[in-house]
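# An overview of the molecular structure
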Amino acid sequence: MSDNTTGASIEVAGLTKVFKNTTRPAVDAIDLDVRPGEFMTLLGPSGSGKTTVLNMIAGFEDVTEGRILLDGQDIAQRPPYKRNLGMVFQDYALFPHMTAAENVAFPLQRRKIGREETTRRVAEALDVVRLGQHGDRLPSQLSGGQQQRVALARAIVFRPRALLLDEPLGALDKRLRDSLQLEISRLHSELGITFVFVTHDQEEALALSDRIAVFRDGHIEQVGTPTDLYETPASHFVATFLGDSNVFTGTVRDGVLDTGESELRCSGPDGPSTLIVRPERMTIGHNGSSGQNRLTGTVTDVVYQGAFRRIHVRFDSGRPGMIRDGTDAPSVTAGERVDVSWDVAHGVVVADRDDAVVTT
Amino acid sequence: MTGSTKLRRILTVFAVLIAIWLVVPVLIVIPISFSGENSFAFPPSSWGVGHYVTFFTEQSWLTSLLVSLQLAVIVTLIATVLGTMAAFAIVRATRGSGAMERFFTAPLIVPGIVIAVALYVAFLQWGLIGTATGFIAAHTVLSLPFVVVNVANVLRGYDRTLDRAAAMLGASPWTTFRTVTLPIIRPGVLSGALFAFVTSFDEVVVSLFVQSPQLQTLPVRMFTSITNEVDPTIAAASTVVLVVSTLVLGMASLTRRSKTNV
């Protein structure tokens, strides 16, 4: 597939969707730039608008307002079958009356590609997803993971320049999910085409994406690389949606957050703010260096997780906290009084918004 | 425990009795049709196939059989196409789905004689009595509900994500219907078509009103035979109708079984 090493760019501008008989937009004037060949994940809780955006890119939903540019061309009014985009669905959507090979041949037949070339490309695509031996099986004779791989082969066999994936791992069990995740990642780097991937699973998003757009209530909360989002979340919501966080709310004045019970050093502008510290950035004990914040508290629970321990504490302020520690660190037990400390540089300050309350 | 087995035994006996009651009178025409005598005597004192020879050679019987078969085929085609379209409208409509379904299945509930009288009055006005068009129109009305019900049933279980998948792979709505939807709902369409065929083939009440001496279906010919003459050929005719209907409905249940296998 050497003629197709670059994917398409997808640009979404002012994209808005208001469903019939509703007033609040499901998608509210979203701007998003997906670069050629990029693996872009739309991440968010259900009802956040991520699937609606994907459905508008695919052409299943009418656009209320805004533009969808594929390589600079507005495709918003084009029917789905003329968009030439690949798509993978959560429940596979294989045609039950066709064998795996017939399913993969379907898009080639629609494009009037000759029989010989069809046969060759079907075999090639099935080989890419390592199902070369299963071409003559019906979908009902394949496992869930195999069916999704057939669906992947079917979605790439006609060499679309972008692939849309709608929670493709959602219907699979944990082990299959991990192996298919690797498969998708490998496909992306082999094909070099643009992937737009919708999921509500933050681990999937972190593992696969070049960049992630975090959706919330029809808006994009933040777009960035997995590292950006994890290390420097732009909001309380992003911090708590991706990974675990220790959260301190208060008011910043001159580099100090006043929570009412304690004063924590941080770097951020003055005003009502939230300080976020990742559990693995906190340690038990205090080395006395001036670059650290320190709180005292009581251990409430220690959860052994194999590679690490999760230590739950209740700070003296009454606030709960969580520390992730290597299993070779000194052991602590529930009820023990401990010092908890972290480098000031590892705290992230986000300005409070009145809607910053999160439920996850 | 013993109470429930006893109950089950009683129910089995009961079911067998009902089956006998339903089937035996029908089966009696078969031995009579093979009678060697020119009477309805049962049991026959001699055997022969003379009644079948009469049935397949006498012009009035043979013509009515061919009329019925041709009519049933035409009605099946029309009812299947229209009924499938109606089923799509019912299942896919966002509004008025229930009303449409009641409308299209009304001929199942409205008494046949009422439909017959209504069609008779209308067809007299339109000059359709005794015409092929009249028969086709009348039988289509009666057959349509069977197609609608059967197709609507399979269509309700149809996963519309498949339509989306087909569209993303480059199939226009019509191509999607032809290559994906239709093959998947085929068992329902087929069994609807077979029911439509049988409905037309053995329909008698409405046909009696639409017929003319020049254009008669087999059931109408049988009805005139039994009211005007004493001719045991009707036993052979009955057996033919019975065999055709049973074969066709047998095929219908086969298509339904294959549906569950897919």
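Coordinates for the structure precede this section.
Residues numbered from 1 in each chain as written. Chains lettered and ligands numbered in written order. Predicted model: local features only at pLDDT ≥ 70, side-chain atom pairs only at ≥ 80, totals over all residues.

### Focus: the overall build of chain B
Defined as follows: Each helix is a run of H or I in the DSSP string that is no shorter than four residues. Each strand is a run of E no shorter than two, and both are numbered from the N terminus. Think of it as a crowd count around each C-beta: if 20 or more other C-beta atoms lie within 10 Å the residue is buried, if 12 or fewer it is exposed, and in between it is partly exposed, with C-beta placed from the backbone throughout. A pair of residues counts as a contact when their C-beta atoms, built from backbone coordinates, are separated by no more than 7 Å.
Scanning chain B from N- to C-terminus turns up twelve helices and zero strands. Along chain B, helices and strands appear, N-terminal first, in the series α-α-α-α-α-α-α-α-α-α-α-α. Within chain B, the proportion of its 262 residues that are buried is 36%. Contacts spanning at least 24 positions in sequence make up 74% of the contacts within chain B whose residues lie at least 6 apart.

### Some remarks on the overall build of chain A
A tally of helices and strands in chain A yields eight helices and 20 strands. Oriented by its inertia axes, the alpha-carbon framework of chain A measures out at about 75 × 45 × 40 Å. Taking all contacts inside chain A whose residues are at least 6 apart in sequence as the whole, residues at least 24 apart take part in 65%.

### Some words on helix 2 (residues 100-110) of chain A
Residue and element names in this part refer to chain A. In terms of burial, helix 2 is largely enclosed, as eight of its eleven residues are buried. All of the buried residues in helix 2 are Ala100, Ala101, Asn103, Val104, Ala105, Phe106, Pro107 and Leu108. For helix 2, the secondary structure elements touched by its buried residues are helix 3 (115-128) and helix 4 (144-156).

### A closer look at the pairing of strand 18 (residues 320-326) of chain A
All names here are of chain A. Put simply, the rule is: Pairing between strands requires that DSSP locate at least two bridges from one strand to the other.
Sheet topology places strand 17 (residues 308-315) next to strand 18; seven bridges connect them, and they run antiparallel. In the strand pairing of strand 18, Arg309 is matched with Asp325. Connecting strand 17 to the next strand, strand 18, in antiparallel fashion are four residues, including Gly318 with a positive phi near 95 degrees.

### Regarding the sheet that holds strand 5 (residues 73-74) of chain A
All names here are of chain A. The line we're drawing: To get an axis, fit a line to the C-alpha atoms, keeping to the stretch in contact for a helix; angles then go from 0 to 180 degrees between the N-to-C directions.
A sheet is described by the order of its strands in space; here four strands give the open sequence 2-1-4-5, paired in antiparallel fashion. Looking at strand neighbours, the two that pair on one side only are strand 2 (27-34) and strand 5, the edges of this open sheet. In this fold helix 1 (residues 50-58) packs onto strand 1 (10-17), strand 2 and strand 4 (65-70), with an angle of close to 115 degrees to the strand it touches most, strand 1.

### Regarding the nonpolar core
Filter applied, for reference: Connectivity within a nonpolar core runs through C-beta atoms within 7 Å, and the core itself is a set of buried Ala, Val, Leu, Ile, Met, Phe, Trp, Tyr and Cys residues. Domain start and end points were adopted from an automatic or database domain assignment.
Of all hydrophobic cores here, the largest spans 142 residues; its most connected members are Val104, Ala153, Leu164 and Val196 of chain A. At 13 residues, helix 7 (residues 132-156) of chain B tops the list of elements feeding residues into this core. Both domains that meet at this core, namely domain 1 (2-229) and domain 2 (244-351) of chain A, each give it at least three residues. If we skip the residues at most four places from it in the chain, Leu164 of chain A touches Leu54, Ile57, Ala58, Leu85, Gly86, Met87 and Val196 of chain A. Membership of the second largest hydrophobic core comes to nine residues, among which are Trp61, Leu218, Ala235 and Ala236 of chain B.

### Comments concerning the interface of chain A and chain B
Going by this rule: Three classes are used, and their members are as follows: Ala, Val, Leu, Ile, Met, Phe, Trp, Tyr, Cys and Pro are nonpolar, Asp, Glu, Lys and Arg are charged, and the others, Gly among them, are polar.
Tallying the contact residues gives 19 residues for chain A and 15 residues for chain B. Within the residue set of the side of chain A that touches chain B, elements represented by two or more residues are strand 6 (86-88) and helix 2 of chain A. Examining the composition of the side of chain A that touches chain B, we find that three residues originate from one element, helix 2 of chain A, more than from any other. Taken together, the residues of the side of chain A that touches chain B break down into 13 nonpolar, two polar and four charged.

### Here's the deal with the packing of helix 7 of chain B against helix 9 (residues 173-201) of chain B
Residues and elements named next belong to chain B. Note the cut-off: Here the angle decides the label: under 35 degrees means roughly parallel, over 145 means roughly antiparallel, 65 to 115 means roughly perpendicular, and every other value means oblique. Left-handed describes a crossing whose near helix is turned anticlockwise from the far helix through less than a right angle; right-handed describes the clockwise counterpart.
In the contact formed by helix 7 and helix 9, the axes pass within 8 Å of each other and the chain directions differ by 160 degrees. Viewed along their axes, helix 7 and helix 9 adopt a mutual orientation that is roughly antiparallel. Crossing handedness for the pair helix 7 and helix 9: right-handed. Side by side, helix 7 and helix 9 meet where His139, Leu142, Ser143, Phe146, Val147, Asn150, Val151, Asn153, Val154 and Leu155 of the first sit next to Ile185, Pro187, Gly188, Val189, Ser191, Gly192, Ala193, Phe195, Ala196, Thr199 and Ser200 of the second. Grouping the amino acids of the contact of helix 7 with helix 9 by side-chain chemistry returns twelve nonpolar, nine polar and no charged.

### Some words on the pairing of strand 7 (residues 162-166) of chain A
Residues and elements named next belong to chain A. Put simply, the rule is: A clockwise path from the first strand over the helix to the second, with the strands pointing away from the viewer, defines a right-handed crossover.
For strand 7, the tally of buried residues reaches five of five residues, placing the bulk of the element in the interior. Of the two faces of strand 7, the one holding Ala162, Leu164 and Asp166 and the one holding Leu163 and Leu165 are both buried throughout. Relative to strand 7, strand 6 runs parallel, the two being bridged by three bridges. In the sheet register, Gly86 faces strand 7, and the bridge partner there is Leu163. Where strand 7 lies against strand 8 (residues 194-199), five bridges are found, and the strand directions are parallel. Opposite Leu164, over in strand 8, you have Val196 as the bridge partner. Tracing the backbone out of strand 7, into helix 5 (residues 174-191) and back to the parallel element strand 8 gives a crossover that is right-handed.

Nothing here speaks to function; it is geometry throughout.
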